[in-house]
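Geometric and topological summary
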Amino acid sequence: MSENETQTHYRTCNICEAMCGLEIRHRGNEILSIRGDNDDPFSRGHICPKAVALQDFYNDKDRLKTPLRRTADGWQEIRWDEAFEEIAARFRGVQEEHGKDAVGVYLGNPNAHNFGNAIMLPRFFKALGTNNRYSSASADQLPHHVASNYMLGAGMLIPIPDIDHTDFMLIIGANPIVSNGSLMTAPGVGKRLKAIQQRGGKVVVVDPRRTETARKADQHLFIRPETDALFMLALVHTLFDEQLVTLGHLASRIDGLDQLANAVQSYSPESVAEACGMPATAIRDLARAMAAAKSAVCYSRMGASTQSFGGLCQWLNNVLNILTGNFDRRGGAMFPQPAFDLVRDKKGKPSAYGRHESRVRKLPYFNNEFPVATLADEILATGDGQIRAMITIAGNPVLSAPGGARLEAAFKALDFMVSVDIYLNETTRHADIILPATTGLEVPHFDVFFNSFAVRNTAKFSGPMFEKTPDQKHDWEILRDLALHLTGLEDDGVTPEAMLDLGLRHGAYGKQGMSLEKLKASPHGVDLGPLQPCLAQRIQTGDGMIRIAPQLYLEDLKRLDGSGLLQADRNSDHPFAMIGRRLPRSHNTWTQNSHRLVKGKNPCTVQIHSADAQKLGLEDGQTAEVRSATGAIQLPVEVNDDMFEGVISIPQGWGHNRPDTAMSVAERQPGVSMNDVTDCQRIDALTGNAAFNGTRVAVRGLTDDPGSAQAPPNRPPLASA
Ligand SMILES: Nc1nc2c(c(=O)[nH]1)N[C@H]1C(S)=C(S)[C@@H](COP(=O)(O)OP(=O)(O)OC[C@H]3O[C@@H](n4cnc5c(=O)[nH]c(N)nc54)[C@H](O)[C@@H]3O)O[C@H]1N2
Ligand SMILES: Nc1nc2c(c(=O)[nH]1)N[C@H]1C(S)=C(S)[C@@H](COP(=O)(O)OP(=O)(O)OC[C@H]3O[C@@H](n4cnc5c(=O)[nH]c(N)nc54)[C@H](O)[C@@H]3O)O[C@H]1N2
Ligand code: SF4
Ligand SMILES: [Mo]
């Protein structure tokens, strides 16, 4: 086909978890249009504004294509082999002197959207041999994995809401209309929610903010941040108290029911209502409605994970689905059966949880990782086992981790740092060497992770839309080459595609002819049908029993009781609770270099209730300072009545105004980083997950010209080789 002809490429969008099918028309390297693929059996034409920006990332002049080395005179372009040799020598040097764990690794969110990384990372880790591994998972969904590990025997066996068949959906601390769903891959989630209502069902949202999702729900209940565990305990209490527990098909599979009933006895709706900021009757009515629904599902996400009791919340979320007979049942919380399966047969063996604890703060180790909330401590605190060198792979923790500013100081203190990334940004600017990867349209795609969290079983492989240039490397090639240089071994020629093919052939659909070849012949994807009850085959507890009351959760109730939440404690120095917000036109910290996505009004505002604004004398549009015990930021005020009183909301993922980055569009945006205000000491002590939500802050109006609140960024030129 000639370069001048219009061609159509079908692929899956790799930006968020929704796995939308795209139809991209192009002439040679010129993209003519990006639309939803109507023939994708899962997303059926759904698309959001971010997918259109895939062309901006592809064409972005700021995107790195050549390895860079930091020198006294600025960044210098170097050859790949030079880069690998230097990195291997430096890492080995550090490890020989200070031990294997002296090199730390941080993995960011795009790793989960890149199958080459998913498949090649284990080899890289084996070659590097460090236990000091960190990722964005501990600033995100870790409590879900911990709950699945303890209740079902496998951290990757996550119950997913059967949104397409449920009659009642209780959404706690999630905003899928904006986020497009998380641990619930459900492209076009808006339509799916609407369909619940159209078939006579109900959607209820529990959130300290009247969110975009809450506006579409049948009912919205405000809740005081971080009190969700109390609220859910009261729901469970009511189920027992009013004899609404119906285990149904699970009756013979539940282990620990009596201990659970005992444990929740003291949490009546009446006793928690004030702390939660919710009427007791609303809690009782909700428990009754959930129990009475033909099918129902409780779904809780970031708001209920990244907070001080995230572990308890995700346990209780599962408990609610089990006690109402909705676990592993159509319309309830179900288990996907992906074509490429991440749930390995563990034969009842316990997980690695608690096998190690972190050196400085003694935090738990889970799934071979320590919590990112303690990464700065491990770099900064001197002594045996201290991290002296780091590699970040597709992550921007300076903006994304709790207490990002402290982590930034820690990165500056390292002997040596490497980043595998596509940009010179707030994190990678601290690296000594940056290894640029291909991204988006240049990369073949298969969703290794999100098919495991999807509301329907489907499979799809997309080849790269554009060939990379001979000089560019895929992430997986970078990881492979790093591993080879670290070990001195020869390449065995194994590719992610070969591994994927093997996994597909040996997976649940292998007997029906599933293979990479089959997927390549179906560019819109293959439909494998709705979720089916399958827990009996997939549970990994050894005896097949669901542990409904694992001891570590019962123990953690003491921490909840002692937390002061029941006394509705308000700290007068910092009278507000800060929570995070996601925006429809950005994804975490890295999409803000797309001019298309950032155009228009500055969305990085602090939302506050009108009554609070009035008390503080704040006006809409005025600049305010938000100050916590650890830092302060300045940003415009947005007054509305969507916030629970005493709570403010700030978008995550901004703050591209640090010096010496090279993201020319993002740098011009006024947004600030809320993680300059969050505190790495705030965690869910049970799981080690970051507790962003509920950070205590003070808010005050600034009288000076709002325009001067943020100094314009300076952008130094790249030094050429
Ligand atoms: N306060 C607060 N903080 C939060 C959150 C919150 O709600 N509130 N959310 C948390 C959550 S859920 C998450 S997942 C984390 C995200 O935390 P991170 O993963 O650390 O942040 P990202 O912005 O996803 O960073 C992605 C990085 O990968 C680079 N990149 C993009 N595509 C590619 C690629 O194809 N290859 C490579 N090698 N690099 C690539 C980008 O340039 C960027 O540097 O943030 C967490 N932080
Ligand atoms: N457009 C867009 N989509 C995204 C992303 C993005 O950055 N932009 N990021 C992606 C990523 S990495 C993830 S992990 C997912 C996250 O997906 P979601 O969890 O759906 O996303 P959030 O918008 O963070 O939703 C959290 C909600 O919890 C509420 N909340 C805060 N504190 C509390 C609390 O204490 N209790 C309760 N009940 N609610 C609380 C917030 O007001 C917010 O509405 O989104 C993904 N999709
Ligand atoms: S919802 Fe997510 S997967 Fe779908 S088009 Fe938008 S960014 Fe891509
Ligand atoms: Mo995330």
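Residues numbered from 1 in each chain as written. Chains lettered and ligands numbered in written order. Predicted model: local features only at pLDDT ≥ 70, side-chain atom pairs only at ≥ 80, totals over all residues. Heavy atoms only, no water.

**So, the overall build of the protein**
For the protein, the helix and strand inventory stands at 24 helices and 26 strands. For the protein, the spread of C-alpha atoms along the three principal axes comes to 75 × 70 × 55 Å. Going through the 721 residues of the protein one by one, you find that 62% of them count as buried. Intrachain contacts of the protein at a sequence separation of at least 6 include 75% that bridge at least 24 residues. (Helix = DSSP H or I, 4+ residues; strand = E, 2+ residues; numbered from the N terminus. Buried < 20%, exposed > 50% of the residue type's maximum accessible area, 1.4 Å probe, protein only. Contact = heavy atoms within 4.5 Å.)

**Comments concerning the pattern of salt bridges**
By the definition in use, this model includes 45 salt bridges. One salt bridge connects R79 with E82, and the closest N-O pair in it is separated by 3.7 Å. According to the relative accessible area criterion, E82 is partly exposed, its value standing at 26%. Here the salt bridges share partners, and the residues they tie into one network are D241, E242, E270, R284, D285 and R288. (Salt bridge = Lys/Arg side-chain N within 4 Å of Asp/Glu carboxyl O.)

**Observations concerning the domain arrangement of the protein**
Partitioning the protein into structural domains gives domain 1 (6–59), domain 2 (68–135 + 361–439 + 462–510), domain 3 (142–339 + 535–555) and domain 4 (570–710). Between domain 2 and domain 4, the residue contacts involve 25 residues of the former and 28 residues of the latter. Of the roughly 2100 Å² buried at the junction of domain 2 and domain 4 (both faces included), carbon and sulfur atoms supply 56%. Its largest share of buried area at the contact with domain 4, domain 2 owes to L399, Y423 and R429, together 27% of the area lost on that side. Scanning the region where domain 2 abuts domain 4 turns up one salt bridge. A salt bridge links E408 to R658, with the shortest nitrogen-to-oxygen separation between them at 2.7 Å. Remark: the boundary between domain 2 and domain 4 carries 11 residue pairs in polar contact (both at pLDDT 80 or more). Counting residues per element, the ones that place at least two in the side of domain 2 that touches domain 4 are helix 16 (397–400) and helix 17 (404–413). Top contributing element to the side of domain 2 that touches domain 4 by residue count: helix 17, with four residues. (Domains from an automatic or database assignment. Buried area = accessible area lost by both parts, 1.4 Å probe. Polar contact = N/O pair within 3.5 Å; in protein donor to acceptor, adjacent residues only side chain to side chain.)

**Brief notes about the site of ligand 1**
Around ligand 1 sit 30 residues in total, of which N109, S400, D421, D475 and T589 are the nearest. Between an oxygen atom of ligand 1 and a side-chain N or O atom of T589, the distance comes to 2.6 Å. About the coverage of ligand 1: the protein hides 97% of its 930 Å² of free accessible area. When contributions to the shell around ligand 1 are tallied by element, the ones reaching two or more residues are helix 16 and strand 16 (416–421). Residues of the shell around ligand 1, tallied by class, amount to 13 nonpolar, 13 polar and four charged. (Near = heavy atom within 4 Å. Areas by Shrake-Rupley, 256 points an atom, 1.4 Å probe, with all protein chains shown as cover. Nonpolar A, V, L, I, M, F, W, Y, C, P; charged D, E, K, R; others polar.)

**Examining the site of ligand 3**
By nearness alone, every residue bordering ligand 3 is listed as C13, I15, C16, A18, M19, C20, I47, C48, K50, A51 and N180. In the shell around ligand 3, the residues fall into nine nonpolar, one polar and one charged.

**A closer look at helix 14 (residues 310–323)**
Along its 14 residues, helix 14 runs 20 Å from first to last C-alpha, staying within 8% of the 20 Å computed at 1.5 Å per residue. Within helix 14, 14 of the 14 residues are buried, which leaves it mostly tucked inside the rest of the structure. Of the residues trailing helix 14, G325 is marked for its positive phi of about 70°. (Expected span 1.5 Å × (residues − 1).)

**Considerations on the packing of aromatic side chains**
Taken as a whole, this structure holds 13 aromatic pairs when the rule is applied. Taken together, Y134, Y365 and F370 form an aromatic cluster joined through their ring pairs. In this arrangement the basic side chain of R133 is found over the ring face of F125, its NZ or CZ atom lying 3.5 Å from the centre. Positioned above the aromatic ring of W80, the side-chain terminus of K473 is 5.5 Å from the ring centre. (Phe/Tyr/Trp six-rings, centres within 6.5 Å; stacked < 30°, edge-to-face > 60°. Lys NZ or Arg CZ within 6 Å of the ring centre and 35° of its normal.)

**Some points on the pairing of strand 6 (residues 103–107)**
Burial analysis of strand 6 places five of its five residues in the buried class, the great majority of the element. Where burial is concerned, the two faces of strand 6 agree: the one with V103, V105 and L107 and the one with G104 and Y106 are both buried. Taken together, the five bridges between strand 6 and strand 15 (residues 389–393) define a ladder with parallel strand orientation. Note that in strand 15 the partner of G104 across the bridge is M390. Sheet analysis places strand 6 next to strand 7 (residues 133–135), joined by three bridges and oriented parallel. Within strand 7, the position partnered with V105 by the bridge is R133. Viewed along the sheet, the connection from strand 6 through helix 4 (residues 115–128) into strand 7 turns out right-handed. (Pairing = 2+ DSSP bridges. Right-handed = clockwise from strand over helix to strand, strands pointing away.)

**Observations regarding the nonpolar core**
Counting residues in each nonpolar core, the largest one holds 94 residues, and the members touching the most others are L170, F231, W315 and L560. Per element, the largest residue contribution to this core is nine residues, and it comes from helix 9 (residues 228–241). Each residue touching L560, except ones within four places of it in the same chain, is listed here: A229, L230, L233, Y267, F309, L312 and L565. Counting 33 residues, the second-largest nonpolar core is a separate cluster that includes F84, L121, F124 and F416. (Core = buried A, V, L, I, M, F, W, Y, C linked by side-chain atoms within 4.5 Å.)

**Considerations on unusual backbone geometry**
Only a minority of non-glycine residues have a phi that is not negative, and only a minority of peptide bonds are not trans. Although it is not a glycine, M19 sits at a positive phi angle of roughly 55°. Among the structural elements, M19 can be located in the loop between strand 1 (6–12) and strand 2 (21–27). Using a relative accessible area of 8% as the deciding quantity, one classes M19 as buried. In this structure, A394 is a non-glycine residue whose phi angle is positive, near 50°. Checked against the element boundaries, A394 lands in the loop between strand 15 and helix 16. A relative accessible area of 15% means that A394 is categorised as buried.

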